[in-house]
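Given next are the chains, with one letter for each unit.
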Amino acid sequence: MAKMWAGRFSKEENEQVNDFNSSISFDSRMYQHDIMGSIAHATMLGEQGIIEKSEADAICMGLSEILDDLKNGRLAVDPSAEDIHMFVEAELTARLGDTGKRLHTARSRNDQVALDIRMYLRDEIEAVTALLEELLHVLCDLAKEHAGTVMSGYTHLQRAQPVSFGHHLMAYAQMLLRDRSRLFDCKKRMDDMPLGSCALAGTTYPLNRERVAEILNFSHVTENSLDGVSDRDFCMELAAALSILMVHLSRFCEEIILWCSWEFKFIELDDAYATGSSIMPQKKNPDIAELVRGKTGRVVGDLVTLLTMMKGLPLAYNKDMQEDKEAIFDAVDTVKLCLSTFTPMLSSMTVLKDNMRQAAAKGFINATDCADYLTKKGVPFRDAYKATGQLVAQCIKEGCVLETLPLASYQAVCPVFEQDVYDAIRLETCLNGRSVLGGPAAESVRKQADSVMKQL
Ligand code: ARG
């Protein structure tokens, strides 16, 4: 493709330099947004009398046709074009002649690309949000179903106190809800329309920037032309939000991987979401969860790419910034891929309640409740704590649990113990007694799920 700037240059282009400089292989995915932006710009140029109304109409028509042809595969993107902006403009000029050459009046690719990425990413944020909401629905449904499914809660990966599987799941729902709100925030700050910044210093033409913003559904216009073309905060911010989201998915995956092991066996993944081994016939591996955990590194890497790419750049536009796209596109693509695979994996898994219950029964997770039992009968907590510790030690020595230790042993340690201690330390009692706001009692878990659903 002949260079747009051939007038200034006396040498033929070098093919390798051409390829090195080109972004068409990764920015052509923004073609719809590029064309919509150009239609808005041309419409405004016509309305302002900067170009003839009839020419503006012809440009808009030509651009719509190009959009249609690209969508329907009648037109292919030329891989030798420098970028999608140059390609569309060249195609328009090939179709309309001189009229096409008027489109770029009072515009630069610098503000054009700043506009296109924003438009592209705000659509992608909606797509990610929709996938996230689907996952949140699945989580709330599962949590309600398992509001009373007793499970040990862990600290330091040691059995700690009773929770329910539903409560555990709702913890992830809270994280994902914050991710959703981060995406909203990010979209809000992306809502400034940069066109009119031109190359860096605005323009002498009487543009109506607000009109372009209105056509393209932006709430505001950017207020400084240098910032308008050189701001990529929205890419970094989105990559940061997506990285945190992936960290959440990764933690969840880590637990799923543990729960699938024979050592836990709290869940079983559907065959469709697990894989076998090429040599070990007995294996059923949680590869999907492992891949989501692994891909977290990629998205965090994309964030680091963006931060590092921006950190030394002087104002305003620098070509370094072309590197923004592969990083942020990869982050968005990866998150979408992970969410859309993770959600059905979760909704199709089998929860092995009995195994959870058995594991919960073995870990003295009712020891705190045993101490609380004494405290509620007037024993100072530290004394109650010590007495219960002695009982646990005795159980470990004798190979029993608090539930099966005879009353005489209890009373030998502390005479305040009575028969009703056995009811107080039943796991179901311990669980449902934790009805404090945000606690794991079945009723509280159902409330948590309702509250999340309401926020969706
Ligand atoms: N392909 C470029 C990018 O993605 C478009 C802007 C080019 N501007 C320029 N002055 N070379 O950043």
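Before reading further, recall that the structure is shown in the block above.
Our subject in this report is the structure included herewith. Note that the coordinates shown come from a computational prediction; the quantities given were computed from them, not determined experimentally. Positions within a chain are numbered from 1, following the residues in the order the chain's sequence is written. Note on the predicted model: pLDDT of at least 70 is required for a residue's local features to be given, and 80 or more for side-chain atom pairs to be given and counted; whole-chain, interface and lining totals, by contrast, use all residues. Side-chain numbers come from the whole structure's heavy atoms, not from hydrogens or water.

1. Describing the nonpolar core
Then, number 1: Remark: nonpolar core denotes a set of buried residues (Ala, Val, Leu, Ile, Met, Phe, Trp, Tyr, Cys) joined through side-chain atoms within 4.5 Å. For every residue, the accessible area obtained with a 1.4 Å probe (protein chains only) is divided by the maximum for its type, and the residue is called buried under 20%, exposed over 50%, and partly exposed between those limits. One finds Leu121, Leu242, Leu249, Ile256 and Leu346 to be the most contacted residues of the largest nonpolar core, which totals 112 residues.
Then, number 2: Each helix corresponds to a stretch of at least 4 residues labelled H or I by DSSP, and each strand to a stretch of at least 2 residues labelled E; elements are numbered beginning at the N terminus. Looking at this core, the element that brings in the most residues is helix α6 (residues 109-145), giving 17 residues.
Then, number 3: Discounting residues that sit within four places of it in the chain, Leu121 has contacts with Met190, Phe234, Cys235, Leu238, Ile328 and Val332.
Then, number 4: Core analysis: the second largest hydrophobic core is formed by 21 residues, Tyr373, Leu405, Leu407 and Val421 among them. Throughout, a contact is declared for two residues whenever any of their heavy atoms are within 4.5 Å.

2. Observations regarding empty space enclosed by the protein
Rolled over the atoms, a probe as big as a water molecule pinpoints where empty space is left.
Then, number 1: Of the two site types, the cavity is a set of points on a 1 Å grid over the protein atoms alone where a 1.4 Å probe fits but cannot get out, and the pocket is an open set with protein on both sides within 12 Å along at least five of seven lines, each lined by residues with an atom within 4 Å of a point. Grid points are joined across faces, edges and corners, and a volume is the space filled by probe spheres set on the points. A full pass over the atoms with the stated rule returns two cavities of 30 Å³ or more.
Then, number 2: Here the largest cavity is characterised by a volume of approximately 40 Å³.
Then, number 3: Mapped onto the lining of the largest cavity, the elements with two or more residues apiece are β1 (150-155) and α10 (233-260).
Then, number 4: Side-chain classes follow a simple rule in which Ala, Val, Leu, Ile, Met, Phe, Trp, Tyr, Cys and Pro form the nonpolar group, Asp, Glu, Lys and Arg form the charged group, and the remainder, Gly included, forms the polar group. Its residues assigned to classes, the lining of the largest cavity comprises six nonpolar, one polar and one charged.
Then, number 5: Considering only enclosed or pocket space, the second largest cavity measures out at about 30 Å³ in volume.

3. What about the site of the ligand?
Then, number 1: Near the ligand, the surroundings consist of Ser23, Asp83, His85, Arg109, Asn110, Val113, Tyr317, Gln322 and Lys325.
Then, number 2: Between the ligand and the protein, one listed contact pairs a nitrogen atom with a side-chain N or O atom of Asp83 at 3.0 Å.
Then, number 3: Between an oxygen atom of the ligand and a side-chain N or O atom of Tyr317, the distance comes to 2.6 Å.
Then, number 4: Against a free-state accessible area of 340 Å², the protein chains account for coverage of 87% of the ligand.
Then, number 5: At three residues, the largest contribution of residues to the shell around the ligand is made by α6.
Then, number 6: Partitioned by chemical class, the residues of the shell around the ligand number two nonpolar, four polar and three charged. Throughout this document, a residue counts as near a molecule or strand when at least one of its heavy atoms sits within 4 Å of that molecule or strand. Contacts described as polar in this section are N or O atom pairs within 3.5 Å, which, within protein, must combine one atom able to donate a hydrogen with one able to accept it, while residues neighboring in sequence count only if both atoms come from side chains. Surface exposure here means Shrake-Rupley accessible area, sampled with a 1.4 Å probe, where a residue is shielded only by the protein chains that are shown.

4. Examining helix α11 (residues 287-310)
Then, number 1: Here a helix's expected span is defined as the number of its residues, less one, multiplied by 1.5 Å. Under the 1.5 Å per step criterion, the end-to-end length of α11 is 35 Å for 24 residues, consistent within 8% with the ideal 34 Å.
Then, number 2: Taken together, the buried positions of α11 are occupied by Ala289, Val292, Thr296, Val299, Asp302, Leu303, Leu306, Met309 and Met310.
Then, number 3: Close packing links the buried residues of α11 with α9 (225-230), α10 and α12 (324-347).

5. Describing the pairing of strand β2 (residues 158-164)
Then, number 1: Strands are labelled as partners when DSSP assigns at least two bridges between them. Sheet topology note: the β1/β2 ladder contains six bridges and is antiparallel. Bridge pairing links Val150 to Ser164 in β2.
Then, number 2: The turn joining β1 and β2, which pair antiparallel and follow one another in sequence, is formed by two residues; a positive phi near 55° is taken by His156.

6. Let's talk about the packing of α6 against helix α19 (residues 442-455)
Then, number 1: Only C-alpha atoms enter the line fits that serve as axes; for helices the fit covers just the stretch in contact. Angles between N-to-C directions range over 0 to 180 degrees. Two numbers describe how α6 lies on α19: the axes approach to 9 Å, and their chain directions differ by 160°. With respect to each other, α6 and α19 are oriented roughly antiparallel. Here α6 and α19 pass one another in a crossing that is left-handed. For the pair α6 and α19, contact is made by Leu136, His137, Cys140, Asp141, Ala143 and Lys144 and by Val445, Arg446, Ala449, Asp450, Val452 and Met453, respectively.
Then, number 2: For the contact of α6 with α19, a count of residues per class yields seven nonpolar, one polar and four charged. Orientation labels follow simple angle bins: below 35 degrees gives roughly parallel, above 145 gives roughly antiparallel, 65 to 115 gives roughly perpendicular, and whatever is left gives oblique. Helix crossings get a hand from a simple test, with the near helix turned counterclockwise from the far one by less than a right angle marking a left-handed crossing and a clockwise turn marking a right-handed one.

7. Side note on the packing of α6 against helix α7 (residues 165-189)
Then, number 1: The geometry of α6 relative to α7 is characterised by a closest axis approach of 9 Å and an angle of 165° between their N-to-C directions. On the basis of their axis angle, the class for α6 and α7 is roughly antiparallel. Between α6 and α7 lies a crossing of left-handed hand.
Then, number 2: Considered class by class, the residues forming the contact of α6 with α7 number 18 nonpolar, two polar and eight charged.

8. Notes on the side chain of Arg232
Then, number 1: Within the secondary structure, Arg232 is located in the loop between α9 and α10.
Then, number 2: In this structure Arg232 comes out as buried when scored by relative accessible area, which is 1%.
Then, number 3: A polar contact of 2.7 Å, which involves the side chain of Arg232, links it to the side chain of Asp324.
Then, number 4: Once residues within four sequence positions are removed from consideration, Arg232 is found in contact with Val113, Ala114, Ile117, Met310, Tyr317, Met321 and Asp324.

9. Digging into the environment of Val413
Then, number 1: Within the secondary structure, Val413 is located in helix α16 (residues 407-413).
Then, number 2: Taking the C-alpha atoms as reference points, Val413 and Gln390, separated by 23 residues in sequence, lie 7.5 Å from one another.
Then, number 3: When residues no more than four places from it in sequence are discounted, the contact partners of Val413 are Ala387, Gln390, Leu391 and Gln394.

10. Structural notes on the pattern of salt bridges
Then, number 1: Salt bridges, as used here, are contacts in which a Lys or Arg side-chain nitrogen is within 4 Å of a carboxyl oxygen on Asp or Glu. A full pass over the atoms with the stated rule returns 32 salt bridges.
Then, number 2: Arg102 is paired through a salt bridge with Glu55; the nearest N and O atoms lie 3.0 Å apart. In this pair, Arg102 sits in the loop between α5 (84-96) and α6 while Glu55 sits in helix α4 (residues 53-71), placing the two residues 47 residues apart along the sequence.
Then, number 3: For the salt bridge of Asp324 with Arg232, the shortest nitrogen-to-oxygen distance reads 2.7 Å. Taken together, the positions of Asp324 in helix α12 and Arg232 in the loop between α9 and α10 put the pair 92 residues apart, joining distant regions of the chain.
Then, number 4: Ionic contacts of the salt-bridge type, sharing partners, join the residues Asp69, Arg74, Glu91 and Arg95 into one network.

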